[in-house]
Amino acid sequence: KRVRDTRTKLAPAYHLILEGILILWIIRLLFSKTYKLQERSDLTLKEKEELIEEWQPEPLVPPVPKDHPALNYNIVSGPPTHIITVNGKECINFASFNFLGLLNNEKVKSAAQASLKKYGVGTCGPRGFYGTFDVHLELEERLAKFMRTEEAIIYSYGFATIASAIPAYSKRGDIVFVDEAACFAIQKGLQASRSNIKLFKHNDMADLERLLKEQETEDQKNPRKARVTRRFIVVEGLYMNTGDICPLPELIKLKYKYKVRIFLEESLSFGVLGEHGRGITEHFGINRLSGQGYCFSASLPPLLAAAAIEALNIMEDSPDIFQTLRAKCERIHKALQGISGLKVVGESFSPALHLQLEESCGSRENDVKLLKRVVDYCMNSGIALTQARYLEKEEKCLPPPSIRVVITVEQTEQELDKAASLLKEAAQSVLN
Amino acid sequence: MTDLKYRLAPASEMSRYCFPNNAVSGDASRCVCLIDSSTVEEINHIVHNGGLYKRPFNEAFEETPMLVAVLTYVGYGVLTLFGYLRDFMRQWKIEKCQNATEREEQKDFVPLYQDFENFYNRNLYMRIRDSWNRPICSVPGAKVDMMERVSHDYNWTFTYTGRVIKDIINMGSYNYLGFAQKTGACQEAAAKVLSQYGAGVCSTRQEMGNLDKHEELEKLVARFLGVESAMAYGMGFATNSMNIPALVGKGCLILSDELNHASLVLGARLSGATIRIFKHNNMQSLEKLLKDAIVHGQPRTRRPWKKILILVEGIYSMEGSIVRLPEVIALKKKYKSYLYLDEAHSIGALGPSGRGVVEYFGLNPEDVDVMMGTFTKSFGAAGGYIGGKKELIDYLRTYSHSAAYATSMSPPVVEQIITSVKCIMGEDGTNIGRARVQQLAENTRYFRRRLKEMGFIIYGNEDSPVVPLMLYMPAKIGAFGREMLKRNIGVVVVGFPATPIIESRARFCLSAAHTKEMLDTAHERTWKSWNRYSLHPK
């Protein structure tokens, strides 16, 4: 009985009252309207409508002046082979990247024809959805064997290859060290990857090492983060914008010293450098699944894949074409030295050279106009040349205006000499 | 059928696909909703509207049944548990690890793949990997030959037996008008151009890569679309990713549909503009975004936006839905924004003469500021195009990334497009093009109707040649694909991450080349494959 008494003893009165008030307060809170932050815009409907009325957007595109150099394209009638008809005039082609002369090769064409007869033109789907043909698989196998890598993967668009491959591996938070002279496709790939980009001076290994050392000290401050941050170096085998090659052995040393992976872009060096045209050796292993331009885009038309396989066959069967190409490059490189007003930019064995003005005349626009006159002079005398085209506002490090000279195996020695002397003449008459 | 009632659906019942009563154009457009009398699960909307829509717009996206949703989650849960178990076994070397591994010299480099990112790949994707990347060895027409491949290690590697599975009914390739042929006028013309021009161009459009063939193609495409001018590019994906950044930049606003293709998303991201997403095909959502954007301006600075670009697609290939173009155009005009229409799947496939979604709705092509499309699907070639006013195309010729840096289109591919466009337009002197467009429309309606009658859940617009059939459960993705292949039908199955996690589906792509017998065979075998797992569709 005593136990029951203590258990049923009533709480003190103030306790009950307090709890009662608390309960009433909770009920009030539950049912009261939520407190809204004042609307950011206290605009009335009429004011909103006025704003909508008044707003004037910019035109979708600004007008382009009719004489913009990039607007008026050269029209090539017929195939862009060794002898090319540009704007109605027949010229020797020093502008198309046809290094091994395979554009007009009969074997390549007949392989493509056979493929066309078997598969039609298009693949009607991406690789994942019935767009993988046996030709693609064969080409990938052959490329892997040729490049001496474990596996290879083909894309249907050259630009998209590096622009998709970089973001497939390098994501937000990773660090990429890239050469300043990297081409636009690499720049777009880096932009898409959202990684931290660090530019180092063109081919300057000391600068690169400095950046790597800085990164190392950063890493020591935060080892946990460092363990999950991937690091890459992106370089080109043969730079499109400057015509020289990257110092690969030093890069490999740096790679193992600082634990960085190398991305090598070989669009110019493949089929050009090396005894068998394998490009700058040392290749990166490739994953098939995740590149965007691979998964979400239609695969390469089979006739082009067949043409590529045949081209590989030719490259493997006649490795002497690479020596021939190199000899021609050296020849014209030498011949172009000493043109007053123009300087040659590029390695002596590079089949894609640039001719830049020794002295700029003040503005890029005027430089471009001057170079156009040189090009037109040459075109009128039967040598087809072009200026190197860039998107001036979009490039990170815009190269100076230049004339692009492309050397192919099909050009004879007389033609090379003719081109060199014509350029000398043109420079004389236009620049002096 | 069940007892159907008609009434104006109240706001609370409107799904995201409903056309509202307070119409954009302001005039009295009514939304008439058919509501199943027993449950409110399926809502078909037929919009009768004299103002904006000249034809009925019939789209349906049935809600996932509750039981199915629960079972799907359970399925994924089981798979995840097994995944962890297998990872554990691999780590303790009980099971062999087949992953790509680092070379010895690079063992202490930061790994390329984070373990978790790869979890899905190793444990879920690998199990059903054989449903994708199936190699074929014939023209991807109505019937296709596939190389048989087997895997002895659960899909980690494949070996080819050397056998070829012949005459598989191809419902996976995007061959809407049947131009994927190895004989015929298109192929002959392409062969001629190939022998004359070669396979490549070796230069960019701005340098030495602009052939007379390209100019011819662009004039033809402009005529076909009914626009002033057009420009063609070598890759459809790249057309978006390289030209959107040329059109908009910082200080501009992009309003992009929820389910836009990866190329549009990439292009929008690369441009540097602010991106806002509106709900799929939902015009209220779009209007709200437009209003807020103009009224409030840029975030924080309140400066007015330089321009607003709306990104939509003609047909959304995962959903099978068609964009509500009349409403989008009305909105765009009211709010002075620009419209970028990606007709990758709809060009050639919609409209009485195959000119795409603009013709389908009977609209004026000049109302669409940027008409983009691809040549891969209905023309049997490769590449993309953009059409519009002359100033737009001139600007793109000068400032597009592709014009300055990418190699131009290959001449035989260009010829294929020229011939197929002429065929569709009827300029080759035959009726083939017209007949194919009509055949596709008939095939679409027939196929969808029959599947619906059988009780399958089909998404999308009744006129869309892309037919998604809902599978939902993860196990069914692989199973359905394999069963159909056993019965000689090739379909595409898609799961996460291309679709929401519980909405995996199989996708049929119809073609004008499919005959009625093929479609009937497909129906019958779909039914059989489904029933193998003895779960009734509804």
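Parameters at a glance
Residues numbered from 1 in each chain as written. Chains lettered and ligands numbered in written order. Predicted model: local features only at pLDDT ≥ 70, side-chain atom pairs only at ≥ 80, totals over all residues. Heavy atoms only, no water. Helix = DSSP H or I, 4+ residues; strand = E, 2+ residues; numbered from the N terminus. Rg over C-alpha atoms; globule rule 2.2 N^0.38 Å. Buried < 20%, exposed > 50% of the residue type's maximum accessible area, 1.4 Å probe, protein only. Contact = heavy atoms within 4.5 Å. Pairing = 2+ DSSP bridges. Axes fitted to C-alpha atoms, helices over the stretch in contact; angles between N-to-C directions. Polar contact = N/O pair within 3.5 Å; in protein donor to acceptor, adjacent residues only side chain to side chain. UniProt positions renumbered as here; feature names shortened; annotations may be inferred. Domains from an automatic or database assignment. Buried area = accessible area lost by both parts, 1.4 Å probe. Salt bridge = Lys/Arg side-chain N within 4 Å of Asp/Glu carboxyl O. Expected span 1.5 Å × (residues − 1). Core = buried A, V, L, I, M, F, W, Y, C linked by side-chain atoms within 4.5 Å. Phe/Tyr/Trp six-rings, centres within 6.5 Å; stacked < 30°, edge-to-face > 60°. Lys NZ or Arg CZ within 6 Å of the ring centre and 35° of its normal.

### Structural notes on the overall build of chain A
So, point 1. A count of helical and extended segments in chain A gives 15 helices and 13 strands.
So, point 2. In summary, chain A has a C-alpha radius of gyration of 32 Å against a globular reference of 22 Å for 432 residues, an excess of more than 25%.
So, point 3. For the C-alpha atoms alone, the extent of chain A along its principal axes is close to 125 × 55 × 55 Å.
So, point 4. Put simply, chain A has 432 residues, and 53% of those count as buried.
So, point 5. When contacts within chain A are restricted to residue pairs at least 6 apart in sequence, those whose partners lie at least 24 apart make up 66%.

### Points about the sheet that holds strand S21 (residues 504-509) of chain B
Residues and elements named next belong to chain B.
So, point 1. Pairing in this open sheet of three strands is antiparallel, and the strands run S18-S21-S20 from one edge to the other. The sheet terminates laterally at strand S18 (466-472) and strand S20 (492-494), the two strands that pair on one side only. In this sheet, adjacent strand axes meet at a mean angle of 25 degrees when their direction is disregarded.

### Quick look at the side chain of aspartate 463 of chain B
Residue and element names in this part refer to chain B.
So, point 1. Of note, aspartate 463 is situated in the loop between strand S17 (460-461) and S18.
So, point 2. There is a polar contact of 3.4 Å between the side chain of aspartate 463 and the side chain of arginine 55.
So, point 3. Within the local environment of aspartate 463, its side chain forms a polar contact with the side chain of tyrosine 360, the two groups lying 2.4 Å apart.
So, point 4. If near-sequence neighbours (up to four positions away) are discounted, aspartate 463 is found in contact with Arg55, Ile322, Leu350, Tyr360, Thr444 and Arg445.

### Some points on the UniProt feature "domain: Aminotransferase class I/classII large" (unreviewed entry) in chain A
So, point 1. The sites that UniProt annotates as "domain: Aminotransferase class I/classII large" (unreviewed entry) are residues 90-274 of chain A.
So, point 2. The span residues 90-274 of chain A shows a helical share of 45% and a strand share of 15%, and its end C-alpha atoms are spaced 33 Å apart.

### Some points on the UniProt feature "transmembrane region" (unreviewed entry) in chain A
So, point 1. Under the local residue numbering, the UniProt record ascribes the feature "transmembrane region" (unreviewed entry) to residues 12-31 of chain A.
So, point 2. Structurally, residues 12-31 of chain A is divided into 95% helix and 0% strand, and its ends, taken at the C-alpha atoms, are 30 Å apart.

### Topic: the domain arrangement of chain B
Residues and elements named next belong to chain B.
So, point 1. Taken domain by domain, chain B consists of domain 1 (61-170 + 431-537) and domain 2 (185-425).
So, point 2. Computed over C-alpha atoms only, the centres of domain 1 and domain 2 are separated by 29 Å.
So, point 3. The partner domain 2 presents 18 residues to the 20 residues of domain 1 that form the contact.
So, point 4. For the pairing of domain 1 and domain 2, the buried interface totals around 1500 Å² over both sides, and the portion due to carbon and sulfur atoms is 61%.
So, point 5. Taking the shortest distance from any N to any O, the salt bridge between glutamate 319 and arginine 505 comes out at 3.0 Å.
So, point 6. Those elements that place two or more of their residues in the side of domain 1 that touches domain 2 are helix H13 (432-454), S17, S18 and S21.
So, point 7. Per-element tally for the side of domain 1 that touches domain 2: the top contributor is H13, with six residues.

### Here we look at the UniProt feature "domain: Aminotransferase class I/classII large" (unreviewed entry) in chain B
So, point 1. When the UniProt feature table is mapped onto this chain, "domain: Aminotransferase class I/classII large" (unreviewed entry) is found at residues 166-524 of chain B.
So, point 2. Note that residues 166-524 of chain B is 42% helix and 18% strand, and that its end C-alpha atoms are spaced 19 Å apart.

### Topic: helix H1 (residues 66-91) of chain B
So, point 1. Between the first and last C-alpha of H1 of chain B there are 38 Å, a value that for 26 residues agrees with the 38 Å anticipated at 1.5 Å per step.
So, point 2. Following H1 of chain B by one or two positions, lysine 93 of chain B adopts a phi angle in the positive range, close to 60 degrees.

### Some remarks on unusual backbone geometry
Residues and elements named next belong to chain B.
So, point 1. We note that asparagine 133 has phi near 55 degrees; this positive angle belongs to a residue other than glycine.
So, point 2. As for its position among the elements, asparagine 133 is in the loop between helix H2 (115-125) and strand S5 (135-136).
So, point 3. Phi is positive for tyrosine 154, close to 55 degrees, though the residue is something other than glycine.
So, point 4. Structurally, the position occupied by tyrosine 154 is in the loop between strand S6 (143-150) and strand S7 (159-170).

### Things to note about the nonpolar core
So, point 1. Of all hydrophobic cores here, the largest spans 203 residues; its most connected members are Met171, Leu325 and Phe508 of chain B.
So, point 2. It is helix H12 (residues 302-317) of chain A that contributes the most residues to this core, ten residues altogether.
So, point 3. When near neighbours in sequence (up to four residues on either side) are disregarded, leucine 325 of chain B contacts Leu339, Leu341, Val357, Val358, Phe361 and Leu363 of chain B.
So, point 4. Among the nonpolar cores identified, the runner-up in size contains 35 residues, and Ala388 and Leu391 of chain A together with Ala238 and Tyr405 of chain B belong to it.

### A look at the packing of aromatic side chains
So, point 1. One pass over the structure, following the stated rule, counts 25 aromatic pairs over all chains.
So, point 2. Ring geometry for phenylalanine 159 of chain A and phenylalanine 184 of chain A: centres 6.2 Å apart, planes at 55 degrees, overall tilted. Highlighted residues: phenylalanine 159 of chain A in helix H6 (residues 158-169) and phenylalanine 184 of chain A in helix H7 (residues 184-193), separated in sequence by 25 residues. Accessibility classification places phenylalanine 159 of chain A together with phenylalanine 184 of chain A in one group, the buried group.
So, point 3. Ring centres of tyrosine 174 of chain B and tyrosine 176 of chain B lie 6.5 Å apart, and the angle between their planes is 45 degrees; on these two criteria the pair is classed as tilted. Considered together, tyrosine 174 of chain B and tyrosine 176 of chain B belong to a single accessibility category, that of buried residues.
So, point 4. Ring pairs connect the aromatic residues Tyr53, Phe57, Tyr360 and Phe361 of chain B, which therefore count as one cluster.
So, point 5. The positively charged end of arginine 149 of chain B is found above the aromatic ring belonging to phenylalanine 158 of chain B, 4.1 Å away from the centroid.

### Overview of the interface of chain B and chain A
So, point 1. In this assembly, 112 residues from chain B lie in contact with 103 residues from chain A.
So, point 2. Carbon and sulfur atoms supply 64% of the area that chain B and chain A bury against each other, a total of about 9500 Å² over both sides.
So, point 3. If you sort the residues of chain B by the area they bury against chain A, Glu207, Met208 and Tyr405 of chain B come out on top, with a joint share of 9%.
So, point 4. At the boundary of chain B and chain A, one finds one salt bridge.
So, point 5. Between arginine 404 of chain A and glutamate 207 of chain B there is a salt bridge whose closest N-O contact spans 2.9 Å.
So, point 6. Remark: the boundary between chain B and chain A carries 31 residue pairs in polar contact (both at pLDDT 80 or more).

### Things to note about the pattern of salt bridges
Residue and element names in this part refer to chain A.
So, point 1. Applying the stated rule across the entire model yields 45 salt bridges over all chains.
So, point 2. Here lysine 201 makes a salt bridge to aspartate 207, at a shortest N to O gap of 4.0 Å.
So, point 3. The exposure class of aspartate 207 is buried, given its relative accessible area of 7%.
So, point 4. Salt-bridge contacts for glutamate 214 lead to arginine 210; the nearest nitrogen and oxygen are separated by 3.1 Å.

### Points about the domain arrangement of chain A
Residues and elements named next belong to chain A.
So, point 1. If you check the domain split of chain A, you get domain 1 (73-102 + 320-431) and domain 2 (106-317).
So, point 2. With centres defined by C-alpha atoms, the gap from domain 1 to domain 2 works out at 27 Å.
So, point 3. The interface of domain 1 with domain 2 comprises 23 residues on the first partner and 24 residues on the second.
So, point 4. When domain 1 packs against domain 2, close to 2000 Å² is buried across both sides, 65% of that on carbon and sulfur atoms.
So, point 5. For the domain 1 face of the interface with domain 2, the top three residues by lost area are Leu102, Phe322 and Lys396, together amounting to 28%.
So, point 6. In this assembly, domain 1 and domain 2 are joined by zero salt bridges.
So, point 7. Applying the counting rule to domain 1 against domain 2 returns six residue pairs in polar contact (both at pLDDT 80 or more).

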